[in-house]
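Structure assessment
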Amino acid sequence: MLLNVNKLLHTPDAAQDFSFEMDLSDLEFGGSYPVSQPVTVEGRIRNKAGVLLCTLEASTTLHCICDRCAEPFTEDKTVAYQCVLAEERQSDDDEEIVLLEDDQVDLGEVARTAFILEMDTKTLCSPDCKGLCPGCGVNLNHEVCRCRKAVDPRLAKLAQLLEDR
Ligand SMILES: [Zn+2]
Ligand SMILES: [Zn+2]
C-alpha cells in the first residue's frame, strides 16, 4: 500500500489515518505458516513540528504448533510500531527511520517488517507447557506419564510395598 505524504509533509499539524489488511500467510516460522488469517493494520501519520511520525498497530490470530508438545493452538497477536518517515537518514537520530522515495511510503512493507520482527522465535502453547515425555511420548499437559516410575528401581520397590499393604 503506497501512500504519498507530500501534502502531509508540507502542512503543519496535518494527520492522516490509514487502515488495510495484509496477507502474511507465506511467512514460515519453525516449519509452519502461523499467519494463516489476514493481518489488520490500523495507523496514523501526523506532522509533528515538521517531522512525520507514523504509528501503527497490526493484529491477527495466529495458528501455531507448539514447539514442545506439538499441539495446535491459536494466539491473538497485536504488534505496535512507531517510526519516523524522512527523506534522508540523520546520523544523530536514534529513532526508527523509514526512508521516503519520491514522497511515498510503502505502508504494507513497513507493517510487514514490523510484524516479522515481533514474531517469537519459540512457539509455545503456554509458557509452562510440560511437553512430551521422551520415554513414552504422552502429552504431559493432559496425561500422567506411566514410564517414569520404572526409571528408578527404588521408587518401583516403594510403589510395590504400598500396593502390598
Ligand atoms: Zn505445548
Ligand atoms: Zn513417559
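Scoring rules and cut-offs
- Residues numbered from 1 in each chain as written.
- Chains lettered and ligands numbered in written order.
- Predicted model: local features only at pLDDT ≥ 70, side-chain atom pairs only at ≥ 80, totals over all residues.
- Heavy atoms only, no water.
- Domains from an automatic or database assignment.
- Donors = N, O, S within 2.8 Å, 3.2 Å for Na, K, Ca; no water.
- Tetrahedral: all angles 85-135°; square planar, octahedral: opposite > 155°, others 65-115°.
- Core = buried A, V, L, I, M, F, W, Y, C linked by side-chain atoms within 4.5 Å.
- Buried < 20%, exposed > 50% of the residue type's maximum accessible area, 1.4 Å probe, protein only.
- Helix = DSSP H or I, 4+ residues; strand = E, 2+ residues; numbered from the N terminus.
- Contact = heavy atoms within 4.5 Å.
- Polar contact = N/O pair within 3.5 Å; in protein donor to acceptor, adjacent residues only side chain to side chain.
- Phe/Tyr/Trp six-rings, centres within 6.5 Å; stacked < 30°, edge-to-face > 60°.
- Salt bridge = Lys/Arg side-chain N within 4 Å of Asp/Glu carboxyl O.

1. As for the domain arrangement of the protein chain
- When cut into domains, the protein chain gives domain 1 (2–126) and domain 2 (130–165).
- Computed from C-alpha coordinates alone, the two centres of domain 1 and domain 2 are separated by 48 Å.

2. Concerning the coordination of the zinc ion (ligand 2)
- Bound to the zinc ion (ligand 2) on the protein side are Cys133 (SG), Cys136 (SG), Cys145 (SG) and Cys147 (SG), at distances that span 2.2 to 2.3 Å.
- The coordination sphere of the zinc ion (ligand 2) comprises four donor atoms, whose angles at the metal cover 98 to 118°; the geometry is tetrahedral.

3. Considerations on the nonpolar core
- Val5, Val41, Ile45, Leu85, Val105 and Phe115 are the most contacted members of the largest nonpolar core, which totals 38 residues.
- Looking at this core, the elements that each hand over two or more residues are helix H1 (6–9), strand S2 (15–22), strand S3 (39–48), strand S4 (51–65), strand S5 (72–86) and helix H2 (107–117).
- The dominant element in this core, judged by the number of residues it contributes, is S4, at six residues.
- Leave out the neighbours within four places in its chain, and valine 5 touches Ile45, Leu52, Leu85, Leu100, Asp103 and Val105.

4. Describing the coordination of the zinc ion (ligand 1)
- Only Cys66 (SG), Cys69 (SG), Cys125 (SG) and Cys129 (SG) from the protein reach the zinc ion (ligand 1) as donors, at distances of 2.3 Å.
- Around the zinc ion (ligand 1) sit four donor atoms; with metal-centred angles ranging over 105 to 112°, the donor geometry is tetrahedral.
- Read in sequence order, the donor residues coordinating the zinc ion (ligand 1) give the pattern C-x2-C-x55-C-x3-C. The residues cysteine 66 and cysteine 69 share a single accessibility class, namely buried.

5. Description of the side chain of asparagine 47
- Structurally, asparagine 47 can be placed in strand S3.
- Of note is the side chain of asparagine 47, whose polar atom sits 3.1 Å from the backbone oxygen of threonine 11.
- Once residues lying within four places of it in the same chain are set aside, the contact partners of asparagine 47 are Leu8, Leu9, His10, Thr11, Pro12, Asp13, Ala14 and Leu52.

6. Side note on unusual backbone geometry
- Here alanine 49, not a glycine, exhibits a phi torsion of approximately 50°, which is positive.
- For alanine 49, the position within the fold is in the loop between S3 and S4.
- Even without being glycine, aspartate 103 reaches a positive phi, approximately 65°.
- Inspection of the secondary structure assignment puts aspartate 103 in the loop between strand S6 (97–99) and strand S7 (104–106).
- With a relative accessible area of 15%, aspartate 103 lands in the buried category.

7. With respect to the packing of aromatic side chains
- This structure, assessed with the given rule, holds one aromatic pair.
- Ring geometry for phenylalanine 18 versus phenylalanine 20: centroids 6.2 Å apart, planes at 25°, classification stacked.
- The buried category is assigned to phenylalanine 20, whose relative accessible area is 14%.

8. Describing the environment of phenylalanine 20
- Tracing the backbone shows phenylalanine 20 in strand S2.
- Through-space distance from the C-alpha of phenylalanine 20 to that of cysteine 64 is 24 Å; in sequence the pair is 44 residues apart.
- The residues touching phenylalanine 20, leaving out its near neighbours within four places in the chain, are Met1, Val39, Thr40, Val41, Leu107, Gly108 and Ala111.

9. Considerations on the pattern of salt bridges
- Evaluation of the coordinates by the stated rule reveals four salt bridges.
- The partner of arginine 146 in a salt bridge is glutamate 143, and the shortest N-O contact between them spans 3.5 Å.
- On the basis of relative accessible area, arginine 146 is assigned to the exposed category, the value being 60%.
- Residue classification places glutamate 143 among the partly exposed positions, given a relative accessible area of 38%.

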